[in-house]
Amino acid sequence: MKKIFAAIALLILAAAASQAADRIVIDKPSLMLYVISEKADTLFRAPVCVGKNLGNKQRKGDMRTPEGTFSITQIQDASTWTHDFNDGAGERKGAYGPYFFRLATPPHTGIGIHGTCFPERISTRDSEGCIRLLDDDLRRLRPFVFKGMEVKITPDRR
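What you are looking at is a predicted structure, and each value in this text was computed from that prediction instead of being measured.

Undergrad: Help me understand the pairing of strand 12 (residues 150-154) in this model?
TA: Looking along a regular strand, one sees the side chains alternate between the two faces of the sheet. Examined bridge by bridge, strand 1 (residues 21-27) and strand 12 share 5 bridges and lie parallel to one another. Of the residues in strand 12, the one forming a bridge with Ile 26 is Ile 153. Of the pairings in the sheet, the one linking strand 5 (residues 68-77) to strand 12 comprises 4 bridges and is antiparallel in character. Bridge pairing in strand 12 links Thr 69 to Lys 152.

So this is what it looks like as structure tokens:
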């Protein structure tokens, strides 16, 4: 029985691996991230947290997530990074989770897809502009991600 389950698991992994990830789509209205294959199949999906404020990013500090088509410029180990959320708690370890997928979002800088130290805030609008995932979801996303990968962030509905 174990051999049958192992064989089924291998078939599932082989099928997923046979479809190369083509792009990431972040749907701000539904607070979801999708990895889409070259054949337009959904290979991965996860809930996200996006900017606190609706609309396209205009300036640094506006708490909006940029909208448009971007690309991943760096895949960084963020496991030791800290951040002060100005909530009186000071610098928080693990603020970005295990990875930071840096996006080219000109003219804005510092925007990326990363983990969180606030898992209860996923599926909400609570970030300063980045896209947050649960750390476990970020680890599952990592094998699909490559430098230069297209990332489309859909506009908010108004």
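Here the narrative resumes.
Undergrad: For this particular structure, what's the right way to read the side chain of Thr 154?
TA: As for its placement among the helices and strands, Thr 154 is situated in strand 12. Filtering out sequence-adjacent residues up to four positions away, Thr 154 remains in contact with Val 25, Ile 26, Asp 27, Lys 28, Pro 29 and Glu 67.

Undergrad: Sorry, what's going on with the sheet that holds strand 11 (residues 131-132) here?
TA: The pairing of strands in a sheet comes from backbone hydrogen bonds and takes either a parallel or an antiparallel form. Strand order in this open sheet of 8 strands is 3-2-1-12-5-8-9-11, and the pairing throughout is mixed. The sheet is open, and its two borders are formed by strand 3 (42-47) and strand 11, each paired with just one other strand. In this structure, strand 5 lies alongside strand 8 (residues 99-104), joined through 6 bridges in antiparallel fashion. Each bridged residue has a counterpart across the sheet, and for Ser 71 the counterpart in strand 8 is Ala 104.

Undergrad: Quick question: what am I supposed to make of the environment of Pro 66 here?
TA: When you line up the elements, Pro 66 lands in the loop between strand 4 (50-51) and strand 5. For the pair Pro 66 and Asn 56, spaced 10 residues apart in sequence, the C-alpha separation works out to 4.9 Å. In this view, Pro 66 contacts Asn 56, Lys 57, Thr 105, Ile 111, Gly 129 and Ile 153; residues no more than four positions away in its chain are not counted.

Undergrad: Is there a simple way to think about the pairing of strand 2 (residues 32-37) in this case?
TA: Among the 6 residues of strand 2, 5 are classified as buried, and the element is accordingly described as predominantly covered. Direction of pairing for strand 1 relative to strand 2: antiparallel, over a ladder of 6 bridges. In the sheet register, Asp 27 faces strand 2, and the bridge partner there is Met 32. Pairing between strand 2 and strand 3: 5 bridges, direction antiparallel. Opposite Ile 36, over in strand 3, you have Thr 42 as the bridge partner. With antiparallel pairing between neighbouring strands as the criterion, strand 2 and strand 3 make up a hairpin whose turn holds 4 residues, including Ala 40 at a positive phi of roughly 70 degrees.

Undergrad: In this structure, what is going on with the pattern of salt bridges? I would like to understand it.
TA: Note that side chains of opposite charge can pair when their charged atoms are close. Using the criterion set out here, one finds 11 salt bridges in the structure. Between Arg 132 and Asp 126 there is a salt bridge, with its nearest N and O atoms 3.3 Å apart. Judged by relative accessible area, which is 4%, Arg 132 ranks as buried. Within this structure, Lys 28, Glu 67, Arg 125 and Asp 156 form a network of salt bridges that share partners.

What counts as what
Residues numbered from 1 in each chain as written. Predicted model: local features only at pLDDT ≥ 70, side-chain atom pairs only at ≥ 80, totals over all residues. Heavy atoms only, no water. Pairing = 2+ DSSP bridges. Helix = DSSP H or I, 4+ residues; strand = E, 2+ residues; numbered from the N terminus. Contact = heavy atoms within 4.5 Å. Buried < 20%, exposed > 50% of the residue type's maximum accessible area, 1.4 Å probe, protein only. Salt bridge = Lys/Arg side-chain N within 4 Å of Asp/Glu carboxyl O.

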